[in-house]
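Listed below are the residues making up each chain.
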Amino acid sequence: MKKNNIFVYRHWFVGIRKRFGLSKQVSLFTLTAIIGLWVAIGIGLSQLYRLAETESKTELENLTLAFAEEVNSSVNTIDLSLIGLRSHWIRDRNGYREIISRLQAHLQDEVSFQVSILDAKGRLVFSSADPNAKAIDLSDREHFKIHTQRQIDRLFISAPVLGRVSNQWSIQFTRSIYDIAGHFDGVIVISVAPAYFSRFYHRIKLGESAAVTLVRADGTIVARSPREGDGIGMGTRIANFQVQRSGPHLTGIYHRASEVDGIERLNAWRSLPKYELTVIVGKAEEVAFDRYREQYRVYILSGIGMTMLIIGIGYFVLASARQKASAMAALAESEARWNLALSGAEDGVWDWNIGAGTLQLSRRSKEILGVAEDVLPATPEALQKLVHPDDLMQVEQALVMHLRAKTHSYKVEHRVLAAEKGERWVLAKGMVVRRNENGEPVRMLGTYSDVTSRKQEDNAIKYRAEHDTLTGLPNRHLFADRLRQCLLRAKRENTCFSVIYFDLDKFKAVNDQMGHDAGDLLLKEVGRRVTECLRDSDTVARIGGDEFVVLLATINTEEHAATVAQSILEALLKPFIIQGCQVSVGASLGVATYPSHGNTEEVLLRCADQAMYQAKTAGRGRIRVHHNETSGAA
């Protein structure tokens, strides 16, 4: 078969040579160039296929990371709410429904939930969904049984269940309740609709056959989109799930047909070991490789066009052996430039002549970099003027590694100091296309992509996830992270820090008499005044309603924390001017210090909260420091 093909090609070229009067040398050159072109196209198609697969994997991994961070933040918020509501239940059950209503109103933009309390025998004693639903026996539920078997206070996340009160699918987030003597006294439950965790699906664009799934460690599907509304897939257990996520890694990629809808997908997963959950984002394989199929036709048509071009060049080229070799080298460079320009058609192209020390830019590259010149000097001084100082070392290291053939390609995201547009983020990619006989780089081609919008969107999403929308202060999630980091540093460096928990006195009267808009303005002003009392290293966060918590990152003595608390109290006792009216509120503050009052985040927050309620009990408008003799009970 091969001999027949060679025979056909030979006679084809002989016919062309006779018809157009091509010399034997030019015919040989033309044949070699066309074969080389189609070999290059074949290699390019193979690389394009791998590139499409790699880009799909990277996209899925990035989406999985974003989904994991969203789930982690949501579960952390729910867990902190569980701990706070449990504390309220143990301390004072009067007005408990009102407390839940306020928390639901505060978190309505983040999560919709219902709260239930089971006694030590599994009977329902409280439900925020139905005030009349009591004495229902839920002792057979998984989320009750697990706490009767556990000896530690730990969050448990159930498989989806159909509520006997609400008749809706929900996921149960539960913690044990203990009486004063430390005996098991029941379970507190926060019920969240599975659709809340699968809403991430509606913000991504992976095609109609994409799927977003939240799975427990035992392989049980907790939430899934699409089809989350009709409950399809809820509670389904993924076969061989442990095999897929075995090993020490927290993330991975696999191909598999879904047990729910049978669609073959490329899936990326990421484990959340703290909560024994795994998030999975899947893209149908036919969608994952759409780009390859679209570009395949472009490559073939371009190859045909280039073939005709080579034949045309061969017709007019009559040169010596040296001229032919030079022409072949120029053609190879032209093909490399053409392939790179094709893959980055919407990006800027750059051409670095390393020997001449010049960097040639396309029109789009000049727009992205904010320069007017077509050619720039490729010198360290020019690089320093172009690249942001904080990113310069990263760019230089990536460039040196590629020039020394330590990496397959050059790829780095960095900021540039564009003259008119200001600071911009770019993705720079490139590859050495020619080296001399000693292996030293001679020429390098690459592209610039403007990724400023994506960077700004990522930063905005992160800011909204970590800050209170009303006051702009850190929220529960960001405060919990800073408290955790502060605790780790204090244990490592043997230092002290304090937590100050406070809420406003008479705030409800302001809301009732002047309206919620006035209340919102007051909360903003409270945040501003407290911030002025703190150092840059300290944190004040709004964690709900009129409740705030302060983290003093480092203190020398407990008296130092009391002094700062006194400054905050004095600032809040001064009258506020709200909507032209003078308003006086005040506050009750509770102080807890590491390591005197606790050595975990939960204990310190609980001690500060108890000290605050002691201040309220003592008459409001004052400060209470937690006493060591009550730390154990706390």
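Preceding this paragraph is the structure being described.
Everything numeric in this text was worked out from a predicted model, so none of it was measured.

A. Layout of the sheet that holds strand E9 (residues 251-257). The strand order across the open sheet built from five strands is E8-E7-E11-E10-E9, with neighbouring strands paired in antiparallel fashion. The open sheet terminates on both sides in strands that have one partner only, identified here as strand E8 (221-225) and E9. The sheet shows a mean angle of 20° between the axes of neighbouring strands, direction not considered. The pairing of strand E7 (residues 211-216) with strand E11 (residues 277-284) spans six bridges and is classified as antiparallel. Its bridge partner lying in E11, Ala211 is registered against Gly282.

B. Layout of the pattern of salt bridges. Scanning all chains against the criterion turns up 30 salt bridges. A salt bridge links Arg154 to Glu276, with the nearest nitrogen and oxygen atoms 3.2 Å apart. Placement of Arg154 in the loop between helix H4 (142-149) and strand E3 (156-157) and of Glu276 in the loop between strand E10 (264-272) and E11 is noted, with a sequence separation of 122 residues between them. Overall, the relative accessible area of 41% leaves Glu276 in the partly exposed class. Among the ionic pairs, Glu367 bridges to Arg364, the shortest N-O distance being 3.2 Å. Of this pair, Glu367 and Arg364 both sit in helix H9 (residues 363-369), three residues apart, which is roughly one turn of the helix. Where salt bridges share partners, they join Asp79, Arg86, Asp153, Arg175 and Glu602 into one cluster.

C. Expanded view of the packing of aromatic side chains. One pass over the structure, following the stated rule, counts eight aromatic pairs. Each ring, one from Trp89 and one from Phe126, has its centre 6.0 Å from the other, and the planes form 55°; the classification is tilted. With Trp89 in helix H2 (residues 24-91) and Phe126 in strand E2 (residues 124-127), this residue pair connects regions lying 37 residues apart in the sequence. Classification of Trp89 by relative accessible area gives buried; the value is 8%. With 5.3 Å between their ring centres and 15° between their planes, Phe497 and Tyr594 make a pair best called stacked. One end of the pair, Phe497, is in strand E18 (residues 496-504); the other, Tyr594, is in strand E23 (residues 587-594), and 97 residues separate them in sequence.

D. Up close: helix H3 (residues 96-106). Turning to H3, its buried residues number three or more, namely Tyr96, Ile99, Ile100 and Leu103. For H3, the buried positions fall inside an angular range of 95° around the axis, keeping them on one side.

E. Representation of the side chain of Ser170 within the structure. Mapped onto the elements of the fold, Ser170 is located in strand E5 (residues 169-178). Residue Ser170 is classed as buried on the basis of its relative accessible area of 9%. Setting aside residues no more than four positions away along its own chain, Ser170 makes contact with Ala159, Pro160, Val161, Ser191, Val192, Ala193 and Pro194.

F. Structural context of the side chain of Ser158. Within the secondary structure, Ser158 is located in the loop between E3 and strand E4 (161-162). A relative accessible area of 1% places Ser158 in the buried class. A distance of 3.0 Å separates the side chain of Ser158 from the backbone nitrogen of Gln172, its partner in a polar contact. Contacts of Ser158, omitting those with residues within four sequence positions, involve Glu142, His143, Ile171, Gln172, Arg216 and Val222.

G. Spatial organisation of empty space enclosed by the protein. The full count for this structure, using the stated rule, is one cavity of 30 Å³ or more. A volume near 200 Å³ is recorded for the largest cavity. Forming the walls of the largest cavity are 18 residues, and the residues nearest its centre are Thr213, Ile238, Tyr254, Ser258 and Asn267. Secondary structure elements with two or more residues in the lining of the largest cavity: E7, E8, E9, E10 and E11. The element that contributes the greatest number of residues to the lining of the largest cavity is E9, accounting for three residues.

Calculation criteria
- Each chain carries its own residue numbering, running from 1 in the direction its sequence is written.
- Side-chain atom pairs in this predicted model are given and counted only at pLDDT of 80 or more, local residue features only at pLDDT of at least 70, and totals for whole chains, interfaces and linings cover all residues.
- Side-chain numbers come from the whole structure's heavy atoms, not from hydrogens or water.
- Strands were regarded as paired on the criterion that DSSP finds at least two bridges between them.
- We count a stretch as a helix when DSSP gives it H or I for four or more residues in a row; a strand needs E for two or more, and each element gets its number in order from the N terminus.
- Comment: axis = line fitted to C-alpha atoms, over the contacting stretch for helices; angle = value between 0 and 180 degrees taken between N-to-C directions.
- Salt bridges are defined by distance alone: a side-chain nitrogen of Lys or Arg within 4 Å of a carboxyl oxygen of Asp or Glu.
- We call a residue buried when its accessible area falls under 20% of the maximum for its residue type, exposed when it is over 50%, and partly exposed in between, using a 1.4 Å probe and counting protein chains only.
- Classification of ring pairs rests on two measures: the distance between centres of Phe, Tyr or Trp rings, Trp counted by its six-membered ring, which must be within 6.5 Å, and the angle between planes, read as stacked under 30 degrees, edge-to-face over 60 and tilted in between.
- Read the arc as the range of directions from the helix axis to the C-beta atoms.
- Here a residue-residue contact requires only that any non-hydrogen atoms of the pair lie within 4.5 Å.
- Each polar contact in these results corresponds to two N or O atoms within 3.5 Å; when the atoms are within protein, one needs to be able to donate a hydrogen and the other to accept it, and residues that are neighboring in sequence are counted only if both atoms are side-chain atoms.
- Only protein atoms enter the calculation, which uses a 1 Å grid: trapped sets of points that fit a 1.4 Å probe without letting it out are cavities, open sets showing protein on both sides within 12 Å along at least five of seven lines are pockets, and any residue with an atom within 4 Å of a point is a lining residue.
- Grid points are joined across faces, edges and corners, and a volume is the space filled by probe spheres set on the points.

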